[in-house]
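Analysis of the macromolecular model
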Amino acid sequence: MQGTSGHRSRGSEEYGVYDDAKTYYASEERHSNRYGVRTRTYSQNSLVKQLERMGAQEPFRRGSHDESTMETGRRFLVQVDATLEILKNQEDTDGNMQITIEDNGPKVISLRTAASAGHNRFEVRGTYMLSNLLQELTLAKEYGRKQIILDEGRLNENPVDRLSRLIRDHFWDGLTRRIDASSIEIAARDPKDWTDDPRPRIYVPIGAPEQYEYYQKVAADRPELRLDVQQLPEKITPELIRDMNDKPGLLAVAVEKVEEEDELGNKTTSLKGLPFVVPGGRFNELYGWDSYMESLGLLIHERVDLAKAMVLNFCFCIEHYGKILNATRSYYLGRSQPPFLTDMALRVYEKIKHEPDSKEFLRRAILAAIKEYHSVWTSEPRLDPVTGLSRYRPEGLGVPPETEATHFVHILKPYIEKHKMEFQDFVRAYNYGEIKEPELDEYFLHDRAVRESGHDTSYRLEGVCADLATIDLNSLLFKYETDIGRTIRSLFGDKLVIPAEFCQGTPYQPGEAVSSAVWDRRAKRRKLTMDKLMWNEEEGMFFDYDTAKRQRCTYETATTLWALWAGIATPKQAADLVKKGLPRFEMFGGVVAGTEKSRGEIGLERPNRQWDYPYGWAPQQMLAWTGLLRYSFTEEAERLAYKWLFMITKAFVDFNGVVVEKYDVTRPVDPHRVDAEYGNQGLDFKGVAKEGFGWVNASYVYGLQIVNAHMRRALGTLTPYETFIKAIELNNERALANLTLT
Ligand SMILES: OC[C@H]1O[C@H](O[C@H]2O[C@H](CO)[C@@H](O)[C@H](O)[C@H]2O)[C@H](O)[C@@H](O)[C@@H]1O
Ligand SMILES: [Ca+2]
């Protein structure tokens, strides 16, 4: 496998082996006969026939030396359609349009070399190279190429380099959306739409009249889109959200004004949507905590523009919808997701602080976070007035419509039988209060809270979430408190004036100045309360606190490590967490969401939940690594990052470039297979994956910054952690034995 340096000079031209697909395949020049070698075009039949005889009679000169190979790296002359056909027929034996370790083909194909003008052949072998060939040819075909000159380096590329490159050059762009005339049809598409007439629809808040006008114009100019533009009323109530379920739609986010010029040179002002990155799969809208995680990867890839735009989109959501939404669809209007705005804004600020408007950017984000802190997270019903801690507890009515159709069948079945109704009729009657079922009301109060927590679903939270002061939420709020206090002190001269538009739902009067002291006190108070109610000295872990039962819970959750990320743990607590807590969550592929013991038995009547054992999620890994580093547990952070990256790289190599939403971290061979709730997102591609999955992409890029250079190399050769560490230990022992002290 080769490294990343991929540029080679050809006279005045420069072609990169690892150029992005557009640069690589859109160039006529690159794929024409530019080396003065006669390029033969083979008919599909002749090529197929020859390849059918492959390995048998055909007298090709296997591995024979081509003149320029040594200097430039091997290149193949490939007929795109014919070779794709062979790959599909011969190598994709289970017919899923991917070449994986589960296919039983011969795992070898003979390609003609470019330097010999197609006279000589060379065998491409093994799942990884063949699946990369399938991916490259699928892309080449999309760019309309019939014949290509393909660098071998694109087939045997170091997988760590390849995946990082795909994320940087392809996946981020594949997941980026803008809600404006340029691509509203892509942004508005909703794979979750359950109605009989899924059509693009956008809801615009009352405070954004220019956008309302703009989208109406887009709809009128392009009637083929069938874009339905609706204005939201000022007050958003649970009833309104429920009623909108008949017409689900996208929620408008931030735009900027741009000047446009027509062919005659006339200038007009128009609107351009601020971009955002979506998670992928069925999730084609701006999500709350996914965006934060994605921004960690984006910032490493210097896509500050995107991370900054997402912060501004969040400010827009707080200003117009009252909160950072679970996601920007009408059916998510009532609830939020785990809050990360202060950390996200500060990280972006670090990157742009040399720019003239950076301080204003940060001021707006911190003001929005302050408003969100007071009006969403520390007011009732989310605030527990007795402890002063907070809970996920959004408002809402009825059955969440966005889940898979069958998701609530087992819950609703007894009620459907009791009322002798059809499923859909019962759901409607219940949603509209024509049928009263208080027990169901209670169930869905908690279910909405579970979804707000981002951990939908888990036995840790089912039937109880709205009562739990969770370790996750309260750690995040502690982080808000400390971030806000520190920022006011260090960047705003310890005095931040709250303008009128940020006062609603807060204790402040317009124009009132806020200083850091009050935020320091809030953080201190939260820490003391969490120590008292949530910390278990014996277990060495924080646990959720049940505000209804007034007792500490016992479910062991990986979110206990968020205390490290937020900096709420004392050094002693951190040491206990690492010693006693961490081993319970450390699996083959990294940190598991919860322990097996806490999850309990599962079976037909009690099915697996995706946020329980044995599943691992990117945000849990990223927060754990960052938290461990914060307390100088470097070795632990590196080890966990290695395990996660190894698992992802191995699945990527063995399963045709797959990158999915979550992994079974106990499953070494096929961790991307997840048989819980709605399966896994990111699996469903033909030939080549174009997006990966937002937060896993980010975790990959972020994780590679955590591991050391030696580890990165070992990952590139798919070395399991145990083998790697044994080799290191052996080396250390030898080095010690050879050490001569003078
Ligand atoms: O449609 C079912 C649920 O889907 C979302 O939850 C999952 O995907 C999100 C996007 O990646 C992620 O933020 C969340 O943690 C996942 O559990 C959605 O957020 C839920 O509200 C929704 O009911
Ligand atoms: Ca296959």
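Residues numbered from 1 in each chain as written. Chains lettered and ligands numbered in written order. Predicted model: local features only at pLDDT ≥ 70, side-chain atom pairs only at ≥ 80, totals over all residues.

1. Observations concerning the overall build of the chain
The helix and strand inventory of the chain stands at 27 helices and 24 strands. Taken against the 2.2 N^0.38 rule, which gives 27 Å for 742 residues, the C-alpha radius of gyration of the chain at 28 Å falls within 12% of a compact globule. Each of the three principal axes of the chain carries a C-alpha extent, and together these read 85 × 80 × 65 Å. Scored against the burial criterion, the 742 residues of the chain give a buried share of 49%. Within the chain, residue pairs in contact and separated by at least 24 positions form 71% of the contacts whose partners lie at least 6 positions apart. (Helix = DSSP H or I, 4+ residues; strand = E, 2+ residues; numbered from the N terminus. Rg over C-alpha atoms; globule rule 2.2 N^0.38 Å. Buried ≥ 20, exposed ≤ 12 C-beta atoms within 10 Å, placed from the backbone. Contact = placed C-beta atoms within 7 Å.)

2. Some thoughts on the UniProt feature "domain: Neutral trehalase Ca2+ binding" (unreviewed entry) in the chain
Using the residue numbers shown here, the UniProt feature "domain: Neutral trehalase Ca2+ binding" (unreviewed entry) corresponds to residues 84-113. Overall, residues 84-113 shows 27% helix and 20% strand. The separation of its end C-alpha atoms is 17 Å. (UniProt positions renumbered as here; feature names shortened; annotations may be inferred.)

3. Let's talk about the site of ligand 1
What surrounds ligand 1 is a group of 13 residues, the closest being Pro279, Phe283, Arg451, Gly454 and Asp456. Taken together, the residues of the shell around ligand 1 sort by class into 6 nonpolar, 3 polar and 4 charged. (Near = placed C-beta within 6 Å. Nonpolar A, V, L, I, M, F, W, Y, C, P; charged D, E, K, R; others polar.)

4. Points about helix H14 (residues 358-377)
If you check H14, its first and last C-alpha atoms are 27 Å apart, about what 20 residues at 1.5 Å a residue would give, namely 28 Å. Restricting attention to buried positions, one finds in H14 the residues Leu362, Ala365, Ile366, Leu367, Ala368, Ala369, Ile370, Lys371, Glu372, Tyr373, Val376 and Trp377. Buried residues in H14 make contact with helix H12 (304-321), helix H13 (341-352), helix H18 (471-491) and strand E15 (496-497). (Expected span 1.5 Å × (residues − 1).)

5. A short note on the sheet that holds strand E4 (residues 108-113)
Overall, antiparallel pairing links the 4 strands, which are arranged E5-E4-E3-E6 in an open sheet. In the strand order of this sheet, the two ends are held by strand E5 (121-125) and strand E6 (147-151), each with one partner. Across the sheet, the axes of successive neighbouring strands diverge by a mean angle of 45°, strand direction being ignored. Across 5 bridges, the pairing between strand E3 (residues 75-79) and E6 is antiparallel. Bridge pairing in E6 links Leu77 to Ile149. Contacts from helix H5 (residues 80-91) reach E3, E4 and E6 within the one sheet, and its direction differs from that of E3 by about 90°. In this fold helix H6 (residues 127-142) packs onto E3, E4, E5 and E6, with an angle of close to 110° to the strand it touches most, E5. (Pairing = 2+ DSSP bridges. Axes fitted to C-alpha atoms, helices over the stretch in contact; angles between N-to-C directions.)

6. Quick notes on the confidence of the model for the chain
Across the chain, pLDDT averages 93, with 93% of residues at or above 70. Every residue in residues 1-5 scores below 50 in pLDDT, and together they form 12 contacts with partners more than four places removed in sequence or on other chains. Low confidence marks residues 8-13, where pLDDT is under 50. Its contacts with residues over four positions away, or in another chain, come to 4 contacts. What the predictor reports for the complex is a pTM of 0.94 with an ipTM of 0.97. (pLDDT = per-residue confidence, 0-100.)

7. What about H5?
When the terminal C-alpha atoms of H5 are compared, their 16 Å separation across 12 residues agrees well with the 16 Å that a helix rising 1.5 Å per residue should span. Those residues of H5 not exposed but buried are Val80, Ala82, Thr83, Ile86, Leu87 and Glu91.

8. A short note on the nonpolar core
Ile202, Val253, Val311 and Ala563 are the most contacted members of the largest nonpolar core, which totals 201 residues. For Val311, the contacting residues outside a window of four places in its chain are Met344, Ala345, Val348 and Ala365. (Core = buried A, V, L, I, M, F, W, Y, C linked by C-beta atoms within 7 Å.)

9. As for the sheet that holds strand E8 (residues 201-204)
For sheets, the rule is that strands pair by backbone hydrogen bonds, running either parallel or antiparallel. Taken together, 3 strands build an open sheet; the order of strands is E9-E8-E10 and the sheet is parallel. Only two strands of the sheet have a single neighbouring strand rather than two, namely strand E9 (228-231) and strand E10 (250-251). Looking at chain direction, E8 and E10 are connected through 2 bridges and run parallel. When the sheet's bridge partners are listed, Tyr203 is paired in E10 with Leu251.

10. Topic: the packing of H18 against helix H19 (residues 516-533)
Where H18 meets H19, the closest approach of the two axes is 8 Å, and the angle between their N-to-C directions is 155°. In this view, H18 runs roughly antiparallel relative to H19, as classed from their interaxial angle. Crossing geometry of H18 relative to H19 is assigned as left-handed. In this structure, H18 contributes Asn474, Leu477, Phe478, Glu481, Thr482, Ile484, Gly485, Ile488 and Arg489 to the contact, and H19 contributes Ser516, Trp519, Asp520, Arg522, Ala523, Arg526, Lys527 and Met530. Partitioned by chemical class, the residues of the contact of H18 with H19 number 7 nonpolar, 4 polar and 6 charged. (Parallel < 35°, antiparallel > 145°, perpendicular 65-115°, else oblique. Left-handed = near helix turned anticlockwise from the far one by under 90°.)

11. Digging into unusual backbone geometry
For the peptide bond that leads from Asp456 to Thr457, omega is 5°, which places it in the cis range. Relative to the elements of secondary structure, Thr457 occurs in the loop between helix H17 (438-452) and strand E14 (468-469). Following Tyr613, the chain continues into Pro614 via a peptide bond in cis, with omega recorded as 10°. Note on placement: Pro614 falls in the loop between helix H22 (596-599) and strand E23 (615-617).

12. Points about the environment of Arg178
Within the secondary structure, Arg178 sits in the loop between strand E7 (176-177) and helix H8 (184-188). Spatially, the C-alpha atoms of Arg178 and Thr634 are 39 Å apart, while their sequence positions differ by 456 residues. Those residues within four positions of Arg178 in sequence are excluded, and the remaining contacts are Ser183, Ala187, Gly273 and Pro275.

13. As for the environment of Glu285
As for its placement among the helices and strands, Glu285 is situated in the loop between strand E13 (276-277) and helix H11 (288-300). Through-space distance from the C-alpha of Glu285 to that of Thr328 is 5.7 Å; in sequence the pair is 43 residues apart.

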